[in-house]
Structure formats: C-alpha cells, structure tokens
Amino acid sequence: MEIKVREAVIKDYESLCEVYVELDEQHRLNHPELFILPEDYAKAKEYLLESINDSNKGLFVAEADSKVVGFAECYLQKSSNFPIIKKREWIQLDGIAVREGYQKHGIGRLLLRRVIEWAKNKDVDRIELKVYSFNSNAEQFYARNGFRELSKAMYLNIRN
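Here the structure is a predicted model, which is why all the values come from computation and not from measurement.

## Notes on the sheet that holds strand S2 (residues 57-64)
Hydrogen bonds between backbone groups are what pair the strands of a sheet, and the pairing can be parallel or antiparallel. Strand order in the open sheet formed by five strands is S1-S2-S3-S4-S5, with mixed pairing between adjacent strands. Edge positions in the open sheet fall to strand S1 (3-7) and strand S5 (127-129), since each of these has one partner strand only. Strand-to-strand twist of the sheet, defined as the mean angle between neighbouring strand axes without regard to direction, takes the value 30 degrees. Examined bridge by bridge, strand S3 (residues 67-78) and strand S4 (residues 89-98) share nine bridges and lie antiparallel to one another. Bridged to Tyr 75 within S4 is Gln 92. Helix H1 (residues 13-30) contacts S2, S3 and S4 of the sheet and is inclined by roughly 80 degrees relative to S3. The strands touched by helix H2 (residues 45-53) within the sheet are S2, S3 and S4, with S2 carrying the most contacts at an inclination of about 105 degrees.

Structural data, given as structure tokens:
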C-alpha cells in the first residue's frame, strides 16, 4: 500500500469529516458527559479552511488507495505571560487519527514525522499533546515514538 502524506486542501473536507466521525465516536462513547453526536459534520468547513490558511496551524492528511485515511492536526503555541513561566514556543499536537481499516500500517508514524518536520521548519524544538486516558492505543503510540508523560488531568463529578 502506497501512502502519501501532504498538506490538507479544502477539497479534502468530506474525507476528513469521515475520519473525524470515527475519532469523535470513540470520544462520545467513552465520555458521553462531554461529547454528543452532532447533527451535521463535527467540523465546520470554515474551521478546516482556517486551519489550511493559517501559517501557524498544520493540517496534514494521509492518502492510501487514493483516499484520505488519516490526518494530523497541530498549531504553534506560546507560553502565557506569567513571571514564573519560561517564555517558549511549542507545537501543540491536537491529534493524529487513522481510519480503522488502515491502522497498524505505519500511517500514524508518517503523519507524526510530517508534524516533526513542520515543527523544525518553524524552528520549534518541542511538541506537546493531550490524550484521553481511555485511549490506550494512542498513549502507547506516542510513548513508542518518544513522548513522555508531562501531567494528568483529573475531574470530579459532583452531580449525576
């Protein structure tokens, strides 16, 4: 299977939405208190257009069999202006997603390489991400690719 990773273009919109549907379903099933089934596509076309046109955002797609089967989404982030916080920039990786039938073929690794290349072109030397604790496959993927744990987010429901 030949896999090509490239920058997303607006004509990828519907194909990207199909990947988002799979990803969003995992989140909705594991955290129904946070996520709902949208009436339409989960991402507006304007959102994707903004990601494509903003030089501080990266949206990359993986193509296999002449169709979009995965994506990586990231953006340039700057530290807050607090005296204790070191001034820095990093790439915030919003996520990498690969359609179910195409997982375990190195597509996620190729997308991650493209994000790393993009970060280097931005002269940024760190990538950070957040991953939901239910997503052990993603945690393992990122750990295998050199990511280390930085913090944990926790919650307490006080009403049912």
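After that view, the rundown keeps rolling.
## Topic: the environment of Glu 149
As for its position among the elements, Glu 149 is in the segment after helix H4 (136-144). Glu 149 gets classed as exposed once you look at its relative accessible area, which sits at 60%. Separated by ten residues in sequence, Glu 149 and Glu 139 place their C-alpha atoms 9.3 Å apart.

Conventions and cut-offs
- Residues numbered from 1 in each chain as written.
- Predicted model: local features only at pLDDT ≥ 70, side-chain atom pairs only at ≥ 80, totals over all residues.
- Heavy atoms only, no water.
- Pairing = 2+ DSSP bridges.
- Helix = DSSP H or I, 4+ residues; strand = E, 2+ residues; numbered from the N terminus.
- Axes fitted to C-alpha atoms, helices over the stretch in contact; angles between N-to-C directions.
- Contact = heavy atoms within 4.5 Å.
- Buried < 20%, exposed > 50% of the residue type's maximum accessible area, 1.4 Å probe, protein only.

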